[in-house]
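Results of the structural survey
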Number of protein chains: 2
Amino acid sequence: MVNDNKVIKGSLTTIILKLLEDNGRMYGYEMTKAVKERTNDSINITEAALYPALHKLVEEGLLTTETEIVNGRLRKYYSLTKEGKKETKAKVDALTSALESIQFILNPKLSNG
Amino acid sequence: MVNDNKVIKGSLTTIILKLLEDNGRMYGYEMTKAVKERTNDSINITEAALYPALHKLVEEGLLTTETEIVNGRLRKYYSLTKEGKKETKAKVDALTSALESIQFILNPKLSNG
DNA sequence: CTTATATACATAATAAAATTAGGTATAAAA
DNA sequence: TTTTATACCTAATTTTATTATGTATATAAG
């Protein structure tokens, strides 16, 4: 996942959860486009990383799916379960503070930590 | 590496390079303590992740080592090579912008991207 | 009408990176 | 004398992402 330059691994799951928290319901392909757009092309989630991650989240009970056919093509919508919503908050908080810590190491002057 | 909660992978190499850029010369154990201190215990680099990463950076020609005996114990100091200094700038920039992109997804209101 | 692009899902093999779980050894403090 | 801190290290496993494919429909371009 993430970035043409191959930085930042391990945050894909949290990003997925956050997208679903913000948008209620999304399908995989839509997520890749949303992240690309939101980050001005700097983060590019590959489908090969995304789909297995989504399947794992379903397995873990954090997401549920509904499949629909739209314009003759299949779409698999994902939403957060109750447990998924709780986990989202926890993971977003953890990732946010971890990012701040790393930024503090990289740029102590610009950081607020 | 990094954080008791297992977030943020893939940034260890950049963190090492940045520490050496700031401090000129450090040994492995010192790096783990420095990061722990700088981040108020939130980032905990494990030695099992650190040492292989250091060895790889030496292999790649980005670091050199000098071994000394201090207080009867071995210390292996690492410093940046010329190429290492160049790479540090590139990697710090790349990681910084990647962190910002992710933060923008997690907290659009607080971000400046 | 046919080819290319966009949409939309997916997996298999491999590689990269970190975790878990050890191991060695000296110095200093309890 | 046992524990804690210092200081290095690796092997096996797991996790996560990459590379490389594969299927299939809709739409736009030539």
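Our structure's up above, just so we're on the same page.
Let us look at the structure shown here.

1. A word on the overall build of chain A
A count of helices and strands for chain A gives four helices and three strands. When the helices and strands of chain A are read in sequence order from the N terminus, they spell out α-β-α-α-β-β-α. Looking at the 113 residues of chain A, the share that counts as buried comes to 42%. Across chain A, every contact between residues at least 6 apart in sequence was considered, and the portion connecting residues at least 24 apart equals 48%.

2. A short note on the interface of chain A and chain B
Across the contact, 30 residues belong to chain A and 30 residues belong to chain B. When the two sides are added together, the surface that chain A and chain B hide from each other amounts to roughly 2900 Å², 71% of it contributed by carbon and sulfur. Applying the counting rule to chain A against chain B returns eight residue pairs in polar contact (both at pLDDT 80 or more). Here the side of chain A that touches chain B takes 13 residues from helix α4 (residues 82–106) of chain A, the largest share from any one element. For the side of chain A that touches chain B, a count of residues per class yields 15 nonpolar, 10 polar and five charged.

3. Brief notes about the environment of Gly84(B)
Residues and elements named next belong to chain B. Following the sequence through the fold, Gly84 ends up in helix α4 (residues 82–106). Here Gly84 falls in the buried class, since its relative accessible area comes to 0%. A sequence separation of 63 residues divides Gly84 from Glu21, and the C-alpha atoms of the two residues are 9.1 Å apart.

4. Some details on the pattern of salt bridges
Residue and element names in this part refer to chain A. Tallied over the full model, the rule gives 16 salt bridges over all chains. In this structure, Glu21 engages Lys18 in a salt bridge whose closest nitrogen and oxygen atoms are separated by 3.3 Å. Here the residue Glu21 and the residue Lys18 both occupy positions in helix α1 (residues 12–23), the gap between them amounting to three residues, near one helical turn. Residue class for Lys18 comes out buried when judged on its relative accessible area of 10%. Between Glu21 and Lys89 there is a salt bridge; the shortest N-O distance is 3.5 Å. Taken together, the residues span a long stretch of sequence, with Glu21 in helix α1 and Lys89 in helix α4 at a distance of 68 residues. A relative accessible area of 31% means that Glu21 is categorised as partly exposed. One continuous salt-bridge network, built from bridges that share partners, spans Lys18, Glu21, Asp22, Arg38 and Lys89.

5. Focus: the side chain of Ser101(A)
Along the chain, Ser101(A) falls in helix α4. Within the local environment of Ser101(A), its side chain forms a polar contact with the side chain of Ser42(B), the two groups lying 2.7 Å apart. With residues near it in sequence (within four places) discarded, Ser101(A) still touches Thr39(B), Ser42(B) and Ile43(B).

Parameters and conventions
- Residues numbered from 1 in each chain as written.
- Chains lettered and ligands numbered in written order.
- Predicted model: local features only at pLDDT ≥ 70, side-chain atom pairs only at ≥ 80, totals over all residues.
- Heavy atoms only, no water.
- Helix = DSSP H or I, 4+ residues; strand = E, 2+ residues; numbered from the N terminus.
- Buried < 20%, exposed > 50% of the residue type's maximum accessible area, 1.4 Å probe, protein only.
- Contact = heavy atoms within 4.5 Å.
- Buried area = accessible area lost by both parts, 1.4 Å probe.
- Polar contact = N/O pair within 3.5 Å; in protein donor to acceptor, adjacent residues only side chain to side chain.
- Nonpolar A, V, L, I, M, F, W, Y, C, P; charged D, E, K, R; others polar.
- Salt bridge = Lys/Arg side-chain N within 4 Å of Asp/Glu carboxyl O.

Function cannot be read off these values alone, since they describe shape.
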